[in-house]
Amino acid sequence: MIGYVTLGTNDLERAARFYDPIAAELGVGRMMDFDSFIAWGNMDGAAGIAATKPFDGEAATVGNGTMVALQAQDRDQVQRLYDIALANGGTSEGEPGPRGEPDANGMVFYAAYFRDPDGNKLNAFLMDKVA
């Protein structure tokens, strides 16, 4: 249902330095690249993510309660995405680990939380068997 998610940035070059390596870890690259807008993903693939300078010319601000979740392949990729985020100007909002209790099938929500350099909140997650 979701085609892509757009997050505001006040510094598109800085956003690109943050999102380029995250996209690469997820196996995608830039699918659109303009002076005020960059989108990462595959045109016919899963939902992509974009960073843009606001169209109205005002400063980009963070949505309170807004978060973008990036689906990881395994716990190692959750860790890599978290490490990539922090190495490229992101800040931690919660180290990788299980969250909550396992469901009836023994699956647990495993995630790491971080913010991009503009303060937008993201996480890397998967549903995984309890270790």
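Read on for a plain summary of the structure. (Residues numbered from 1 in each chain as written. Predicted model: local features only at pLDDT ≥ 70, side-chain atom pairs only at ≥ 80, totals over all residues. Heavy atoms only, no water.)

**So, the nonpolar core**
Then comes step 1: The biggest cluster of nonpolar side chains holds 26 residues, and the ones touching the most others in it are Y19, I22, W40, F114 and L122.
Then comes step 2: At the level of elements, helix 1 (12–25), strand 3 (37–41), strand 4 (48–52), strand 5 (67–71), helix 2 (75–87), strand 7 (107–115) and strand 8 (121–129) are the ones that each hand at least two residues to this core.
Then comes step 3: Every residue in contact with L122, bar those within four places of it in the chain, is listed here: F18, Y19, I49, M67, V68, L70, A112, Y113, F114 and D116. (Core = buried A, V, L, I, M, F, W, Y, C linked by side-chain atoms within 4.5 Å. Buried < 20%, exposed > 50% of the residue type's maximum accessible area, 1.4 Å probe, protein only. Helix = DSSP H or I, 4+ residues; strand = E, 2+ residues; numbered from the N terminus. Contact = heavy atoms within 4.5 Å.)

**Let's talk about the sheet that holds strand 5**
Then comes step 1: Pairing is mixed in the open sheet, where four strands are placed in the order 5-8-7-6. The open sheet is flanked by strand 5 and strand 6 (91–99), the only strands paired with a single partner. Each strand axis lies, on average, 20 degrees off the axis of its neighbour in the sheet, ignoring direction.
Then comes step 2: Both strand 7 and strand 8 contribute to a ladder of nine bridges, which runs antiparallel. Counterpart to F114 in the pairing with strand 8 is L122.
Then comes step 3: This element, helix 1, spans strand 5, strand 7 and strand 8 of the sheet and lies at about 155 degrees to strand 7. (Pairing = 2+ DSSP bridges. Axes fitted to C-alpha atoms, helices over the stretch in contact; angles between N-to-C directions.)

**Some remarks on the side chain of Q77**
Then comes step 1: Along the chain, the position of Q77 falls in helix 2.
Then comes step 2: There is a polar contact of 2.7 Å between the side chain of Q77 and the backbone nitrogen of Q73.
Then comes step 3: Setting aside residues no more than four positions away along its own chain, Q77 makes contact with E25, L26 and A72. (Polar contact = N/O pair within 3.5 Å; in protein donor to acceptor, adjacent residues only side chain to side chain.)

**A look at the side chain of N123**
Then comes step 1: Here N123 is to be found in strand 8.
Then comes step 2: Given the relative accessible area of 1%, N123 is considered buried.
Then comes step 3: Excluding residues that lie within four positions of it along the chain, N123 makes contacts with M67, V68, A69, L70, F109, A111, A112, Y113 and F114.

**Things to note about the packing of helix 1 against helix 2**
To characterise two packed helices, one gives the angle between the axes of the helices and the distance between these axes.
Then comes step 1: Interhelical geometry of helix 1 versus helix 2 gives an angle of 165 degrees and a closest axis separation of 9 Å. In this view, helix 1 runs roughly antiparallel relative to helix 2, as classed from their interaxial angle. Judged by the sense of rotation from one axis to the other, the crossing of helix 1 with helix 2 is right-handed. Across from F18, P21, I22 and E25 in helix 1, the residues of helix 2 making contact are Q77, R80, L81, I84 and A85.
Then comes step 2: Here the contact of helix 1 with helix 2 is composed, by residue class, of six nonpolar, one polar and two charged. (Parallel < 35°, antiparallel > 145°, perpendicular 65-115°, else oblique. Left-handed = near helix turned anticlockwise from the far one by under 90°. Nonpolar A, V, L, I, M, F, W, Y, C, P; charged D, E, K, R; others polar.)

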